[in-house]
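# Structural overview
One-letter residues, chain by chain:
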Number of protein chains: 2
Amino acid sequence: MDRTDQSLIALRRILRATELYGRDLAKAAGLTAAQFRVLQIIDETGASTPKAIAMRMRVSQATITSLIDRLERQKMIERKRSEIDRRQTDIIITEQGHQTVEHAPDALQQRYVREFERLEEWEQAMLVASLERVAAMLDAHDIDASPVLDTRDIRT
Amino acid sequence: MDRTDQSLIALRRILRATELYGRDLAKAAGLTAAQFRVLQIIDETGASTPKAIAMRMRVSQATITSLIDRLERQKMIERKRSEIDRRQTDIIITEQGHQTVEHAPDALQQRYVREFERLEEWEQAMLVASLERVAAMLDAHDIDASPVLDTRDIRT
DNA sequence: TCTTGATATTTCGATTGTCTAACTATATGT
DNA sequence: ACATATAGTTAGACAATCGAAATATCAAGA
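Summary of the structure given here.

Turning our attention to the packing of helix H7 (residues 121-139) of chain A against helix H6 (residues 107-118) of chain B. Contact geometry of H7 of chain A with H6 of chain B gives a least axis separation of 8 Å together with a crossing angle of 130°. On the basis of their axis angle, the class for H7 of chain A and H6 of chain B is oblique. When the axes of H7 of chain A and H6 of chain B are compared, the crossing they make is right-handed. Mapping the contact onto sequence places Val134, Met137, Leu138 and Asp139 of chain A in H7 of chain A and Leu108, Arg111, Tyr112, Glu115 and Phe116 of chain B in H6 of chain B. When its residues are assigned to classes, the contact of H7 of chain A with H6 of chain B shows six nonpolar, no polar and three charged.

What follows is the structure in structure tokens.
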């Protein structure tokens, strides 16, 4: 097997592990995966708008409306009419919502962080360089992507 | 920002790029993402069973039944009662199904492969080592995972 | 062989995520 | 002030997903 195949297999293992884990994580928090992602985005800054979330997740605004409906019913977030532009709705995270994101038992990421930080300096540097290389190869042409660097839920 | 954060951000870029692309890929093939994944799994070996697919994708069998219903209606696969264990249904890919998987315009993977193969030897080796390291950190404890190495649609 | 328990699949009913199109309210430019 | 654009919601549709119940088959033991 050549290196290209090896790299693809490793990539798929990474994708698979994270995807499968994402479901469990959300479930442990009492939410669905999509709801949890929305909550994470809002939690990043404490507030957002449906429009911004929709662009960030690349789904329609209508989808966000229904996700927000559910999160609101669960008291994870609150809707508030924007003062500056009354067409907009500010989505504000509640204390409970913040706690949910904060305390979600993200075992996968925790384990990753733990193991990563046990590595030698040079190895950490190599991994970062490699991952950034791969990321660039994958999303390089994605020029219409969100201008906001995706830093959601960095660190556990 | 420390190296841990940098690696997490790069990982998220990888995850995001592949997830977003997966939707487009399936759509280009005239299927949904879930349907396309099922078809890929069947295409790997030419045939499978609902049970095996469900375990592999970690969804319930009921979900697979409905996905298979749709793929069957589109003549991508055929159902056939197993001869050896008549409780089982063999899911067999049709020529059309195979062609669909084969010719799906997987631009993302094509670009990745193209760029990967342009790299220096040593850099390819570094990427493989790094990706495998990360994969091990992420799915190491996933001992109940499919025993079959996930080689679906290797190479374009 | 007959029974009993396990397994593979499907069916049914429900919830969720997702879309497009239409609608409402607000903003903005001329 | 009017026309047009933008933010959000609503309505109606379909797909993915689940758990529970139903059906058919297998397998092991009395």
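Residues and elements named next belong to chain A. Read from one edge of the open sheet, three strands run E1-E3-E2, paired in antiparallel fashion. Where the open sheet ends on each side, the last strands, each with one partner, are strand E1 (47-48) and strand E2 (77-81). Relative to strand E3 (residues 89-93), E1 runs antiparallel, the two sharing two bridges. Looking at E3, one finds that Ser48 is bridged to Ile91. The strands that helix H4 (residues 61-73) touches are E2 and E3; relative to E2, the one it contacts most, it runs at about 115°.

What counts, and at which threshold
Each chain carries its own residue numbering, running from 1 in the written order of its sequence. Here the convention is simple: chains get letters from A, ligands get numbers from 1, in the order in which they are written. The predicted nature of this model means local features are confined to residues of pLDDT at least 70 and side-chain atom pairs, given and counted, to a pLDDT of 80 or more, with totals for whole chains, interfaces and linings taken over all residues. Only hydrogens and water are set aside when side-chain values are computed; all heavy atoms of the structure are taken into account. All axes here are fitted lines through C-alpha atoms, helices being fitted over the stretch that makes contact, and every angle between N-to-C directions spans 0 to 180 degrees. The secondary structure listing takes helices from DSSP runs of H or I that are at least 4 residues long and strands from runs of E that are at least 2 residues long, numbered from the N terminus. Should an angle fall under 35 degrees it is taken as roughly parallel, and over 145 as roughly antiparallel, whereas 65 to 115 is taken as roughly perpendicular and any remaining angle as oblique. The handedness criterion is simple: a crossing whose near helix is rotated anticlockwise from the far helix by less than a right angle is left-handed, and one whose near helix is rotated clockwise is right-handed. The contact rule is simple, with two residues in contact once any of their heavy atoms fall within 4.5 Å. Three residue categories are used. Nonpolar comprises Ala, Val, Leu, Ile, Met, Phe, Trp, Tyr, Cys and Pro, charged comprises Asp, Glu, Lys and Arg, and polar comprises the others, including Gly. Two strands are said to pair when DSSP picks up at least two bridges between them.

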